[in-house]
Amino acid sequence: MPYVNIKITREGATREQKAALIKGVTDLLVTVLDKNPATTFVVIDEVAFEDWGVGGLPVDEYRSQVKAKG
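The sections below set out a description of the structure shown in this document. Just so you know, these numbers come straight off a predicted model, no measurement behind them. (Residues numbered from 1 in each chain as written. Predicted model: local features only at pLDDT ≥ 70, side-chain atom pairs only at ≥ 80, totals over all residues. Heavy atoms only, no water.)

Focus on a nonpolar patch on the surface
Stage number 1. Taken together, the side chains of Met1, Tyr3 and Phe41 present a nonpolar region at the surface, about 400 Å² in accessible area.
Stage number 2. Along the chain, Phe41 turns up in strand 2 (residues 41-47).
Stage number 3. Look at Phe41 and you get partly exposed, because its relative accessible area is 41%. (Patch = residues over 30% accessible without salt bridge, like charges linked within 9 Å, V, L, I, M, F, W, Y side chains within 5 Å. Areas by Shrake-Rupley, 256 points an atom, 1.4 Å probe, with all protein chains shown as cover. Salt bridge = Lys/Arg side-chain N within 4 Å of Asp/Glu carboxyl O. Helix = DSSP H or I, 4+ residues; strand = E, 2+ residues; numbered from the N terminus. Buried < 20%, exposed > 50% of the residue type's maximum accessible area, 1.4 Å probe, protein only.)

See the structure below:
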């Protein structure tokens with residue numbers, strides 16, 4: 001029974017967007033692992049934005065640098 005945990009930052013993901021993530025992950029498990037969709041578990045955890053890091057930087061700083069580069 002596959003279990004996937006998706007972590008997203010609390011930036012206002014809509015219910016529809018979360019449903020799309022669950023559908024996409026479930027489809028991937030069915031396609032790649034040949035699993036029955038009814039046996040798959042997908043959990044979405046929303047975490048505080050300041051708890052994330054990318055490329056050795058806090059997410060807000062990383063995004064600022066990316067935005068500045070254009």
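Alright, that's what it looks like, and here's the rest.
Looking at the pattern of salt bridges
Stage number 1. Following the criterion strictly, the structure yields four salt bridges and no others.
Stage number 2. For Lys7, the salt bridge identified is with Asp45, shortest N-O distance 3.0 Å. Highlighted residues: Lys7 in strand 1 (residues 3-9) and Asp45 in strand 2, separated in sequence by 38 residues.
Stage number 3. Taking relative accessible area as the criterion, Asp45 reaches 25% and is therefore assigned partly exposed.

Digging into the side chain of Thr40
Stage number 1. Inspection of the secondary structure puts Thr40 in the loop between helix 1 (15-33) and strand 2.
Stage number 2. On the accessibility criterion, Thr40 (12% relative accessible area) is buried.
Stage number 3. In this structure the side chain of Thr40 is engaged in a polar contact, spanning 2.9 Å, whose partner is the backbone oxygen of Pro37.
Stage number 4. Excluding residues that lie within four positions of it along the chain, Thr40 makes contacts with Pro2, Thr26, Leu29 and Lys35. (Polar contact = N/O pair within 3.5 Å; in protein donor to acceptor, adjacent residues only side chain to side chain. Contact = heavy atoms within 4.5 Å.)

Here we look at the pairing of strand 1
Stage number 1. Here strand 1 runs beside strand 2; their pairing, made up of seven bridges, is parallel. From the neighbouring strand, Ile6 faces strand 2, where its bridge partner is Ile44.
Stage number 2. Once the chain exits strand 1 it traverses helix 1 before rejoining the sheet at strand 2, and the crossover so formed is right-handed. (Pairing = 2+ DSSP bridges. Right-handed = clockwise from strand over helix to strand, strands pointing away.)

Functional significance is not addressed by these values, which are geometric in nature.
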